[in-house]
Amino acid sequence: MPLDGKQRIWLTGATSGIGRALALRLLADGHRVALSARSESALAELSEGHANALLLPLDVSDRAAVARAGERLAEAFGGLDLALLNAGTCEYLEARSFDVDLVERVFAPNFHGAIYCIDAALPLLRRARTEGGRPLLAATSSAAAYLPLPRAEAYGASKAALSHFLESLRLDLHGEGIDVSLIHPGFVKTPLTDRNDFAMPLRIEAAQAAEAILQGLARRRLDIHFPRRFTLLVKLMGLLPPALRYRLGLRLVRQPSTAETTP
């Protein structure tokens, strides 16, 4: 199901993985799409042949740069019908060599960057509402937000924080007529997941993920999660009593190699 009409959309994390698949679909459908990612050359390549693309090169963890992007959006679009915050990263923490810098690197785009983008987008979503529209704020979290997993201290916590923040914000924006959708993908084949060194059950292609997201956004689902066979299982595990969840989680802990344990 397509999004209603031709919308003004801001998409972050647009040049790779799920974001790239979303960008190609939204541009092909004729929406006016502001595309943000760190690489200006990658944005130019992505938007080639699409007069409906606005390029906003951006590191979402740079608060001042995000504010400037919001000003450019206001000048170009006036308002926003959809803010689709997809930028993020993933690194896994090794507890034996605890790395605070890693945690901060992950939280910078995944949580703080999303908050900076929300700050920039809200005035434009409100403007669309005053124009009689029904604006939508959406952000890509992760199925990892449902369940604590080994080595996912930084990634999972950043996504859980994002999910909690947006679920709370959804309540406070309801009276303004601004909807909020959260996206919780399972494993999707992207350059980030290609680096993973563990099994990824039911991993899907980025184009499949984009289709699931667009269908969910069109229906304004509160929680867009996929593939459902995987995400429903993770959700169920997250509801188990802590002791049982702990025992199941221990089965997923990677055992250290001889090199890791030898002084």
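Use the structure listed above.
What counts, and at which threshold
- Residues numbered from 1 in each chain as written.
- Predicted model: local features only at pLDDT ≥ 70, side-chain atom pairs only at ≥ 80, totals over all residues.
- Heavy atoms only, no water.
- Helix = DSSP H or I, 4+ residues; strand = E, 2+ residues; numbered from the N terminus.
- Expected span 1.5 Å × (residues − 1).
- Polar contact = N/O pair within 3.5 Å; in protein donor to acceptor, adjacent residues only side chain to side chain.
- Pairing = 2+ DSSP bridges.
- Axes fitted to C-alpha atoms, helices over the stretch in contact; angles between N-to-C directions.
- Salt bridge = Lys/Arg side-chain N within 4 Å of Asp/Glu carboxyl O.
- Buried < 20%, exposed > 50% of the residue type's maximum accessible area, 1.4 Å probe, protein only.
- Patch = residues over 30% accessible without salt bridge, like charges linked within 9 Å, V, L, I, M, F, W, Y side chains within 5 Å.
- Areas by Shrake-Rupley, 256 points an atom, 1.4 Å probe, with all protein chains shown as cover.
- Parallel < 35°, antiparallel > 145°, perpendicular 65-115°, else oblique.
- Left-handed = near helix turned anticlockwise from the far one by under 90°.
- Contact = heavy atoms within 4.5 Å.
- Nonpolar A, V, L, I, M, F, W, Y, C, P; charged D, E, K, R; others polar.
- Lys, Arg positive; Asp, Glu negative; His and termini not counted.
- Right-handed = clockwise from strand over helix to strand, strands pointing away.

### Some thoughts on helix α4 (residues 100–130)
At step 1: The end-to-end C-alpha distance of α4, which contains 31 residues, comes to 44 Å, matching closely the 45 Å that a straight helix rising 1.5 Å per residue would cover.
At step 2: Two or three places before Asp101, at the opening of α4, Asp99 has a side-chain oxygen 3.0 Å from that residue's backbone nitrogen.
At step 3: Where α4 ends, the next residue or the one after it, Gly132, has phi of about 100 degrees, a positive value.

### Things to note about the sheet that holds strand β1 (residues 8–12)
In any sheet, the strands associate via hydrogen bonds between backbone groups, in a parallel or an antiparallel arrangement.
At step 1: Spatial ordering of the open sheet is given by β3-β2-β1-β4-β5-β6-β9, a layout of seven strands whose pairing is parallel. Of all strands in the sheet, those bounded by a partner on one side alone are β3 (53–55) and β9 (223–226). Going across the sheet, the axis of each strand differs from the next one's by a mean of 15 degrees, ignoring polarity.

### A look at the pattern of salt bridges
Between side chains of opposite charge, a pair can form as their charged atoms come close.
At step 1: In this structure the tally under the stated criterion is 10 salt bridges.
At step 2: The partner of Glu131 in a salt bridge is Arg8, with the nearest N and O atoms 2.8 Å apart. In this pair, Glu131 sits in the loop between α4 and β5 (136–140) while Arg8 sits in strand β1, placing the two residues 123 residues apart along the sequence.
At step 3: Classification of Arg8 as buried rests on a relative accessible area of 13%.
At step 4: Between Arg134 and Asp179 there is a salt bridge, with the nearest N and O atoms lying 2.9 Å from each other. One end of the pair, Arg134, is in the loop between α4 and β5; the other, Asp179, is in strand β6 (residues 179–185), with 45 residues separating them in the sequence.
At step 5: Beyond isolated ion pairs, a larger network of salt bridges with shared partners links Arg8, Asp81 and Glu131.

### Re a nonpolar patch on the surface
At step 1: There is a patch of nonpolar side chains on the surface, built from Tyr246, Leu250 and Val253 and spanning about 300 Å² of accessible area.
At step 2: The residue Val253 is located in the loop between α8 (242–250) and α9 (258–261) in this model.
At step 3: Residue classification places Val253 among the partly exposed positions, given a relative accessible area of 37%.

### Brief notes about the packing of helix α3 (residues 63–77) against α4
At step 1: For the pair α3 and α4, interaxial distance at closest approach is 8 Å and the crossing angle is 20 degrees. The orientation of α3 relative to α4 falls into the category roughly parallel. For the pair α3 and α4, the crossing hand works out as right-handed. Here Arg63, Val66, Gly70, Leu73 and Ala74 of α3 come into contact with α4, specifically with Tyr116, Cys117, Ala120, Leu124 and Arg127.
At step 2: Here the residues of the contact of α3 with α4 are counted per class, giving seven nonpolar, one polar and two charged.

### Considering the packing of α4 against helix α5 (residues 153–173)
The relative placement of two packed helices is expressed as an angle between their axes plus a distance between the axes.
At step 1: It is the contact of α4 with α5, at a shortest axis distance of 8 Å, that shows an interaxial angle of 20 degrees. Here α5 runs roughly parallel to α4, going by the angle between their axes. α5 is crossed by α4, and the crossing has right-handed handedness. Seen from α4, the contacting residues are Leu102, Val103, Val106, Phe107, Asn110, Phe111, Ala114, Ile115, Ile118, Leu122 and Arg126; seen from α5, they are Ala154, Tyr155, Ala157, Ser158, Lys159, Ala161, Leu162, Phe165, Leu166, Leu169 and Leu173.
At step 2: Of the residues in the contact of α4 with α5, the class split is 18 nonpolar, two polar and two charged.

### Some words on the environment of Tyr155
At step 1: Relative to the elements of secondary structure, Tyr155 occurs in helix α5.
At step 2: Counting along the chain gives 50 residues from Tyr155 to Arg105, while the straight-line C-alpha distance between them is 9.8 Å.
At step 3: In this view, Tyr155 contacts Thr89, Cys90, Glu91, Val106, Asn110, Ser142 and Ala144; residues no more than four positions away in its chain are not counted.
At step 4: A polar atom in the side chain of Tyr155 sits 3.4 Å from the side chain of Ser142.

### Concerning the side chain of Thr231
At step 1: Relative to the helices and strands, Thr231 is located in helix α7 (residues 228–238).
At step 2: Among residues more than four places away in sequence, those in contact with Thr231 are Ala143, Tyr146, His184, Gly186, His225 and Phe226.

### Some thoughts on the side chain of Lys159
At step 1: Looking at where Lys159 falls in the secondary structure, it is placed in helix α5.
At step 2: Buried Lys159, no salt bridge; nearest opposite-charge side chain is Asp223, N-O distance 13 Å.
At step 3: Among all residues touching Lys159, those that are not within four sequence positions of it are Asn110, Thr140, Ser141, Ser142 and Ala145.

### Notes on the pairing of strand β4 (residues 82–85)
At step 1: Here β4 shows two buried faces, one formed by Leu82 and Leu84 and the other by Ala83 and Leu85.
At step 2: By the bridge criterion, three bridges tie β1 to β4 in an arrangement that is parallel. Residue pairing for β4: Trp10 is matched across the bridge by Ala83.
At step 3: Taken together, the four bridges between β4 and β5 define a ladder with parallel strand orientation. Its bridge partner being in β5, Leu84 is matched across the sheet by Ala138.
At step 4: Once you follow β4 into α4 and on to β5, the crossover reads as right-handed.

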